[in-house]
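Report on the structure
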Amino acid sequence: MKDEKLLVAQLKNSDTQEKAFRNLMSIYKERLYWHIRKIVLSHDDADDVLQNTFIKIFKNIHAFKENSKLYSWMYRIATNEAITFINKKAAKQHVDISELQHKMAADLYEDQYYSGDEIQQLLQKAIFTLPQKQQLVFNMKYFDEMKYTEISEILETSVGALKASYFHAVKKIEEFVKSH
């Protein structure tokens, strides 16, 4: 926690900001990338969203109020950037989100950076059948192994609602997998 406060202070100080930002990127780049990648699926899209996320973090670090953890704040920015990206992509292609996600899941095998087998692809397809909020909760809890309190801080939702979302997501995924 002391390290985080120091990093935030360095990020807000114009004399140390550049070095602190490079440090921030080296610490969080991979974790944020994989969180974004689970939402947008494509490596190239994840790279673009990650870049936009870091730009937004850099531009808005002075607005960070420090009543949440830095990582939670950055995770929220990354989540919002990824969702915005998906929404814009769907609008550009004149399809709804679920249609776009089915196409993205089908395109997984063509992504040279995707190394999942058939079971992993089936899981991804099952996840894409979920409402967006359930997708986020499932990914953060199942893949990122985050605590409900952390997810609550990031998504600004109660722990009880998150537990219910996760429970429903798991049930829907189980049903999808059994039927395929």
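What comes next is a walk through the structure. Keep in mind that what you see is a predicted model, and the values were worked out from it rather than measured.

Helix and strand content of the protein chain: 9 helices and 0 strands. Going residue by residue from the N terminus, the α and β elements of the protein chain occur as α-α-α-α-α-α-α-α-α. At 17 Å, the protein chain has a C-alpha radius of gyration in line with the 16 Å of a compact globule built from 180 residues. Based on the C-alpha atoms only, the size of the protein chain along its principal axes is roughly 55 × 35 × 30 Å.

Inspection of every chain in the model, using the stated rule, returns 7 salt bridges. Between K38 and D144 there is a salt bridge, and its shortest N-O distance comes to 2.5 Å. A residue pair is termed long-range when its members are at least 10 positions apart, and K38 in helix α2 (residues 17-40) and D144 in the loop between α7 (132-143) and α8 (148-155) qualify at 106 residues. A residue is classified by how much of its surface remains accessible, and K38, at 14% relative accessible area, is buried.

Counting 52 residues, the largest nonpolar core has L24, L32, L70 and M74 as its most contacted members. For this core, the element with the highest residue contribution is helix α4 (residues 70-92), accounting for 11 residues. Discounting chain neighbours no more than four positions away, the residues touching L32 are L50, F54, Y71, M74, Y75 and A78.

On to unusual backbone geometry. The phi torsion at L41 lies on the positive side, around 70°, for a residue other than glycine. Examined against the element boundaries, L41 turns out to sit in the loop between α2 and α3 (43-60). The class of L41 is buried, set by a relative accessible area of 7%. For E145, which is not glycine, the phi dihedral falls at a positive 55°.

Here we take up the packing of aromatic side chains. Per the counting criterion, the structure on display carries 11 aromatic pairs. Relative to W73, the ring of F64 has its centre 5.0 Å away and its plane inclined at 40°; by these criteria the two rings are tilted. Exposure class is identical for F64 and W73. Each is buried. A ring pair is formed by F138 and F143, whose centres lie 6.1 Å apart and whose planes are at 85°; its orientation type is edge-to-face. Of the residues examined, F143 reaches a relative accessible area of 32% and is grouped as partly exposed. An aromatic cluster of at least three residues, connected via ring pairs, comprises F138, Y142, F143, Y148 and Y166. One cation-aromatic arrangement involves R31 over Y71; the distance from NZ or CZ to the ring centre is 3.9 Å. Lying across the ring of Y148, K141 places its NZ or CZ 4.5 Å from the centre.

Cut-offs applied
Residues numbered from 1 in each chain as written. Predicted model: local features only at pLDDT ≥ 70, side-chain atom pairs only at ≥ 80, totals over all residues. Heavy atoms only, no water. Helix = DSSP H or I, 4+ residues; strand = E, 2+ residues; numbered from the N terminus. Rg over C-alpha atoms; globule rule 2.2 N^0.38 Å. Salt bridge = Lys/Arg side-chain N within 4 Å of Asp/Glu carboxyl O. Buried < 20%, exposed > 50% of the residue type's maximum accessible area, 1.4 Å probe, protein only. Core = buried A, V, L, I, M, F, W, Y, C linked by side-chain atoms within 4.5 Å. Contact = heavy atoms within 4.5 Å. Phe/Tyr/Trp six-rings, centres within 6.5 Å; stacked < 30°, edge-to-face > 60°. Lys NZ or Arg CZ within 6 Å of the ring centre and 35° of its normal.

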